[in-house]
Amino acid sequence: MWSLLAAGSLVLGAFGDTVDKIVVVSDKAIDTLAATIWRNFVWGLWIGAFGLVGLFGTIEVSFSPLMVVIGILWTGNAIFYTYLLKRIEITSEAAISYAAPFLYLLIDVVILHLGLTTLQMLGILLLVTGGLMFVVVPGKFRFRKEFTPLVWGIFLYNFALGVVEYYGFKYHFQGQGLNEPSFYFSLWIIMMIAFLPPLIIKKDHAALWRVAREKHYLWNVTISKGFDALASLLWLRAMILATISQVQALSALYPVILLGVVFVLQQELGFKAEEEFSGKRLAFKLGGIALLAIGGFFVQ
């Protein structure tokens with residue numbers, strides 16, 4: 001059951017991220033802070049809407065020192081996400097999921113002493129290997145030039161945030177019964193408050209309204225964040241039913257799904273997503289997908 005929830009989350013997330021990429025590529029000069037605030041503001045409204053209809057239980061607001069930390073860290077993650085959308089391929093942007101399964105495995109086995117089978121551990125290692133093939137130069141086995149120290153630093157930041165967020169959710173769910181929409185909606189309130197200082201320092205409030213109107217940005221992110229919000233809730237529900245390393249391992253299947261979504265939208269429907277589908281680059285991606293598929297089967 002958990003694997004179906006996680007797979008559904010990945011499909012919805014792929015559509016959401018691809019729309020985000022297409023929107024940003026259409027106007028790379030878009031104000032980063034304003035675009036980030038609108039995207040996350042709409043996401044939170046979707047979380048609240050799903051909570052109000054009771055799909056994942058009754059929504060409530062709850063705060064703790066740990067949640068305040070996570071909410072503030074979310075602010076940085078949101079800005080970094082916009083930065084990455086402007087600079088690297090959307091499939092390469094998913095590189096955080098390539099290393100994460102192995103690191104989550106270490107946490108689950110070494111620190112939490114949770115049991116995983118040998119086949120599951122092999123599957124996780126295959127997922128990591130397959131994922132890495134998306135970020136290296138074919139035939140040279142070095143990282144692509146867009147993977148600068150800053151980009152890798154962002155990925156490390158996102159991994160650290162993921163550890164705190166997902167284990168923090170398990171802690172609040174098991175200890176306080178805080179469900180998925182309540183957890184995310186509470187964090188969203190903290191994040192939106194944390195956006196106020198940079199917005200005040202920037203002193204360009206007009207950019208918010210300008211970005212909302214430019215190229216139907218607000219309408220487009222309303223669509224993408226609807227996909228993303230439901231994907232986020234399904235992901236947490238999967239983590240309730242399985243270990244975090246198992247669920248995170250399936251996240252390395254994300255490029256498989258994402259590549260298909262981007263291919264259809266860019267190559268078949270003509271949307272510009274700046275994804276490379278030629279020569280050795282495509283062959284390497286397909287090789288990585290094969291390893292991801294095998295690893296995903298082993299980890300079940």
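Our subject is the structure that appears above.
So, a few notes on the structure that sits alongside this text. Bear in mind that the values here come from a model prediction, so they are computed numbers and not experimental data.

**Focus on the packing of aromatic side chains**
A complete count under the given rule lists 18 aromatic pairs for this structure. Taking the centre distance of 5.1 Å and the plane angle of 90 degrees together, the rings of F80 and Y157 count as edge-to-face. Pair noted here: F80 is in helix α3 (residues 65-87) and Y157 is in helix α7 (residues 149-176), with a separation of 77 residues, a long-range link. Residue classification places F80 among the partly exposed residues on the basis of a relative accessible area of 27%. In this structure Y157 comes out as partly exposed when scored by relative accessible area, which is 25%. Seen from their ring centres, W152 and F155 are 5.6 Å apart, and the 80 degrees between their planes marks the pair as edge-to-face. Here the residue W152 and the residue F155 both occupy positions in helix α7, the gap between them amounting to three residues, near one helical turn. Among the residues examined, F155 registers a relative accessible area of 3% and is labelled buried. Here the aromatic cluster, defined as three or more aromatic residues joined through ring pairs, consists of W43, W74, F169, F173, F183 and Y184.

**Here we look at helix α6 (residues 118-132)**
For α6, which comprises 15 residues, the first-to-last C-alpha distance of 21 Å matches the rise-based estimate of 21 Å (1.5 Å per residue) to within 8%. Regarding α6, the residues found buried are Q120, G123, I124, L127, V128, G130 and G131. On an axial view of α6, the arc spanned by its buried residues comes to 170 degrees, and they lie on one face.

**Examining unusual backbone geometry**
You will see that H216, though not glycine, has its phi angle at about 55 degrees, which is positive. Along the chain, H216 turns up in the loop between α10 (206-213) and α11 (217-241). For E274, which is not a glycine, the phi torsion comes out positive at approximately 55 degrees. Checked against the element boundaries, E274 lands in the loop between α13 (254-268) and α14 (279-299).

Cut-offs applied
Residues numbered from 1 in each chain as written. Predicted model: local features only at pLDDT ≥ 70, side-chain atom pairs only at ≥ 80, totals over all residues. Heavy atoms only, no water. Phe/Tyr/Trp six-rings, centres within 6.5 Å; stacked < 30°, edge-to-face > 60°. Helix = DSSP H or I, 4+ residues; strand = E, 2+ residues; numbered from the N terminus. Buried < 20%, exposed > 50% of the residue type's maximum accessible area, 1.4 Å probe, protein only. Expected span 1.5 Å × (residues − 1). Arc of directions from axis to C-beta.

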